[in-house]
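Commentary on secondary and tertiary structure
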Amino acid sequence: MDNMILVYKSDENQRTIVKVNDDIVIGDGNVQIMAGPCAIESLTQIDNIALNIKNNASILRGGAYKMRTSPYSFQGLGKDGIKYLYATGKKYHMPIISEITSINEIDEFIKYVDIIQVGARSMQNYELLSALGKTNKPILLKRGFANTIDEWLQSAEYILKNGNKNVILCERGIKTFETRTRFTLDLSSIPLIKKLSHLPVVVDPSHAAGHSELVKSLSMAAIAAGADGLLIEVHNNPSVALSDSSQALNISEFKDLVESVKNIANAMGKKTNE
Ligand code: PEP
Ligand code: MN
């Protein structure tokens, strides 16, 4: 696709390193771990999770505006959720990532959020992508679950073309005929993206798997395949989580995952930034 001017590598060694804050970058050859609940449920919940994962994750995730398949499912705490996440990130000195669902939320996200996540369901919201391209915030662009790698790269092009070079791609699994997993994690996209594009690529094994017991294996495989980081759903009490409960890791499962990922990264000559 030769109309993708900016997202493709102009030479073999071109690489984008996205700066999140003074200490944290994504795409420098090391591994960043982003973790937290699918949805922020209360200040106490996000505080408790952050307290327990702060030594094993470098970036805190939490959804405030949730894109739920059913309109009757928990839709997130909205503005309050962003406030709780922001306060918690400041308290534990962790940058925060949260998903934006509408162009109307841009000012709020620019003010409070360190990395703006564009979810799988919004990957082709071109108006949103163009608007985010006019900001200079790091944008984590998830792959749509029914989209090809080239469609995903074209979506990144919308952000780049509008001037924002701080794009992180996130593979989160695609729809296939398999039903034992929620989606199928497309590990091939990692080396393919590395070959085609200068942008960093991270992996979300939680949504791909849909089951907590698969998340560690997929995380190790993603790092072995060359991913620049992971986005993992962790909950203080997964069985009562208000969204994505079956894929959430508890605190000790998450710590165990980080240990294993660290071993893989170290074997590859990389460091993990937890
Ligand atoms: C999420 O990260 O909570 C989420 C909704 O992910 P996705 O857009 O990949 O489904
Ligand atoms: Mn989720």
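Residues numbered from 1 in each chain as written. Chains lettered and ligands numbered in written order. Predicted model: local features only at pLDDT ≥ 70, side-chain atom pairs only at ≥ 80, totals over all residues. Heavy atoms only, no water.

**Things to note about the nonpolar core**
- Grouped together as the largest cluster of nonpolar side chains are 63 residues, with contacts concentrated most on Ile 53, Leu 141, Leu 169, Leu 230, Ile 232 and Phe 254.
- Excluding residues within four positions of it along the chain, Ile 53 makes contact with Ala 35, Gly 36, Leu 60, Val 234, Ile 251 and Phe 254. (Core = buried A, V, L, I, M, F, W, Y, C linked by side-chain atoms within 4.5 Å. Buried < 20%, exposed > 50% of the residue type's maximum accessible area, 1.4 Å probe, protein only. Contact = heavy atoms within 4.5 Å.)

**A few points about the side chain of Asp 204**
- Checked against the element boundaries, Asp 204 lands in the loop between strand E9 (201–203) and helix H7 (205–209).
- Overall, Asp 204 belongs to the buried group, its relative accessible area being 0%.
- Within the structure, Asp 204 has its side chain in polar contact with the side chain of Lys 142 (distance 2.6 Å).
- Polar side-chain contacts of Asp 204 include one of 2.9 Å to the backbone nitrogen of Ser 206.
- Contacts of Asp 204, omitting those with residues within four sequence positions, involve Lys 142, Cys 170, Glu 171, Arg 172, Leu 185 and Leu 231. (Helix = DSSP H or I, 4+ residues; strand = E, 2+ residues; numbered from the N terminus. Polar contact = N/O pair within 3.5 Å; in protein donor to acceptor, adjacent residues only side chain to side chain.)

**Quick word on the coordination of the manganese ion (ligand 2)**
- Around the manganese ion (ligand 2), the protein supplies Cys 38 (SG), His 207 (NE2), Glu 233 (OE) and Asp 244 (OD) as donor atoms, at distances of 2.0 to 2.4 Å.
- For the manganese ion (ligand 2), the donor residues sit on a single chain with the sequence spacing C-x168-H-x25-E-x10-D. Pair noted here: Cys 38 is in the loop between strand E3 (31–36) and helix H1 (43–53) and Glu 233 is in strand E10 (residues 229–233), with a separation of 195 residues, a long-range link. The same class applies to Cys 38 as to Glu 233, namely buried. (Donors = N, O, S within 2.8 Å, 3.2 Å for Na, K, Ca; no water.)

**A look at the site of ligand 1**
- By nearness alone, every residue bordering ligand 1 is listed as Cys 38, Arg 61, Lys 66, Glu 99, Gln 117, Gly 119, Ala 120, Arg 121, Lys 142, Arg 172, His 207 and Glu 233.
- Separating an oxygen atom of ligand 1 from a side-chain N or O atom of Arg 61 is a distance of 2.8 Å.
- Protein chains bury 96% of the 300 Å² of accessible surface belonging to ligand 1 in isolation.
- Of the residues that constitute the shell around ligand 1, the class distribution is 2 nonpolar, 3 polar and 7 charged. (Near = heavy atom within 4 Å. Areas by Shrake-Rupley, 256 points an atom, 1.4 Å probe, with all protein chains shown as cover. Nonpolar A, V, L, I, M, F, W, Y, C, P; charged D, E, K, R; others polar.)

**Digging into the pattern of salt bridges**
- Applying the stated criterion across every chain yields a total of 13 salt bridges.
- Residue Asp 244 is joined to Arg 182 by a salt bridge in which the shortest nitrogen-to-oxygen separation is 3.2 Å. Note that Asp 244 is positioned in the loop between E10 and helix H9 (251–267) and Arg 182 in the loop between strand E8 (167–171) and helix H6 (189–196), a separation of 62 residues in sequence.
- Here Arg 182 falls in the partly exposed class, since its relative accessible area comes to 36%.
- For Lys 194, the salt bridge identified is with Asp 228, shortest N-O distance 2.5 Å. Of this pair, Lys 194 sits in helix H6 while Asp 228 is found in the loop between helix H8 (212–224) and E10, placing the two residues 34 residues apart along the sequence.
- Given a relative accessible area of 3%, Asp 228 falls into the buried group. (Salt bridge = Lys/Arg side-chain N within 4 Å of Asp/Glu carboxyl O.)

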